[in-house]
Amino acid sequence: MTSAQIQRSAPGKVILVGEHAVVYGQPAIAVPVTQVRATATLQAAPPGSGLSIVASDLNRSFSLRAAPEDEPLAAAARLTLAHVTSPEPDAVATVHSTVPIASGLGSGAAVSTALARALAAFLGHALDPAAINALVFEVEKIHHGTPSGIDNTVISYEQPVYFVRGRPIERLAVSTPFTLLVGDTGIPSPTKSAVEDVRRAWEDDPAHYDALFDQIGDIVDDARRAIEIGDVEELGMLMTENHALLIEMGVSSPQLDELVDAAQFSGALGAKLSGAGRGGNMITLVEEDLAEDTAQVLWEAGAKGVIRTKVARTG
Ligand code: PMV
């Protein structure tokens with residue numbers, strides 16, 4: 001059974017603490033960013049036309065039949081069809097996204113999630129978050145090589161998560177909602193190359209990198225406690241400590257450090273890069289009434305975009 005037109009969406013995300021170390025088995029915390037979203041719309045097409053995917057924001061447009069195996073959106077569609085055991089429908093899937101690409105906000109996982117949800121719904125199936133999560137993880141492997149799985153987890157569940165690679169998802173009890181600003185350096189940073197560089201550095205000096213990963217793991221556990229008891233000052237300090245360790249790991253950049261420093265000077269509770277680093281976004285934890293001031297300071301320090309988001313447990 002198919003419906004005429006179906007639309008589904010998925011949010012962006014940021015990693016609050018724990019990126020990179022999470023690839024090596026340490027915990028990390030990530031939260032959805034609902035101010036940016038990917039949307040997929042399925043529209044019935046004439047019989048025999050098959051499935052076309054039109055993603056103009058991503059400069060990608062193709063028919064599923066002609067798409068190579070490693071085309072991520074095609075892979076998301078094929079995995080979804082296999083999951084619901086359906087042949088390819090005659091339809092056009094239009095994918096739009098306001099999630100900036102290659103900037104640590106989970107653009108790849110968001111578009112895959114939106115497409116999988118919309119395609120399944122078009123075919124009369126509702127995929128639960130666990131099914132979407134497993135499916136989008138397979139697509140993430142095409143994007144990133146060895147993803148930890150944190151992006152697909154936080155985006156498919158649309159909840160703050162405490163994540164450990166290979167373990168069942170743990171939702172976070174956010175006792176006091178808190179405000180984050182996400183500042184964009186405007187420099188694209190593909191996750192894959194940053195992750196590969198960290199791997200090479202770890203292989204060259206495992207003792208040093210294992211120690212860094214362990215320290216980050218401790219920060220993440222402390223941050224979890226701070227979130228659960230509503231101690232935002234403590235959470236801010238932990239984020240800033242995490243940034244120092246990411247600098248030591250070699251994944252920051254002058255532009256990220258400049259935005260982090262600017263946020264600190266403006267009176268933010270804490271700040272750090274978020275995601276793979278090198279470019280992309282930084283995040284800063286702010287008191288709600290100072291958010292506008294810090295946002296202004298980030299723009300003045302060269303941010304190419306500033307998103308304000310509130311983290312709370314939803315549902
Ligand atoms: O996709 P990004 O930029 O949010 O980076 C993902 C986070 C890493 O820990 C660097 C990689 C991973 O797979 O967890």
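This text follows the structure it describes.
Residues numbered from 1 in each chain as written. Predicted model: local features only at pLDDT ≥ 70, side-chain atom pairs only at ≥ 80, totals over all residues. Heavy atoms only, no water.

A. Summary view of the site of the ligand. Around the ligand lies a shell of 15 residues, among which Lys13, His20, Ser148, Thr191 and Ala276 are the nearest. A distance of 2.8 Å separates an oxygen atom of the ligand from a polar backbone atom of His20. In the complex, the protein chains occlude 96% of the 370 Å² of accessible area that the ligand would expose alone. Listed by contribution, the elements that provide at least two residues to the shell around the ligand are β1 (5-17), α4 (150-157) and α5 (191-204). The class makeup of the residues in the shell around the ligand is seven nonpolar, five polar and three charged. (Near = heavy atom within 4 Å. Polar contact = N/O pair within 3.5 Å; in protein donor to acceptor, adjacent residues only side chain to side chain. Areas by Shrake-Rupley, 256 points an atom, 1.4 Å probe, with all protein chains shown as cover. Helix = DSSP H or I, 4+ residues; strand = E, 2+ residues; numbered from the N terminus. Nonpolar A, V, L, I, M, F, W, Y, C, P; charged D, E, K, R; others polar.)

B. Molecular detail of the sheet that holds strand β9 (residues 270-274). Taken together, the four strands give an open sheet; going across it, the order is β9-β10-β8-β11, and neighbouring strands pair in antiparallel fashion. The sheet is open, and its two borders are formed by β9 and β11 (305-311), each paired with just one other strand. Each strand of the sheet is rotated relative to its neighbour by a mean of 25°, with strand direction disregarded. With seven bridges joining them, strand β8 (residues 178-184) and β11 adopt antiparallel strand pairing. Opposite Gly183, over in β11, you have Val306 as the bridge partner. (Pairing = 2+ DSSP bridges. Axes fitted to C-alpha atoms, helices over the stretch in contact; angles between N-to-C directions.)

C. Representation of helix α3 (residues 129-144). Taking 1.5 Å of rise per residue, 16 residues should cover 22 Å, and α3 covers 21 Å from first to last C-alpha, within 8% of that figure. Within α3 the residues assigned to the buried category are Ala131, Ile132, Asn133, Leu135, Val136, Val139, Glu140 and His144. For α3, the elements touching its buried residues are α1 (72-83), α2 (107-122), α4 and α5. Just beyond α3, the residue with positive phi is Gly145, at close to 85°. (Expected span 1.5 Å × (residues − 1). Buried < 20%, exposed > 50% of the residue type's maximum accessible area, 1.4 Å probe, protein only. Contact = heavy atoms within 4.5 Å.)

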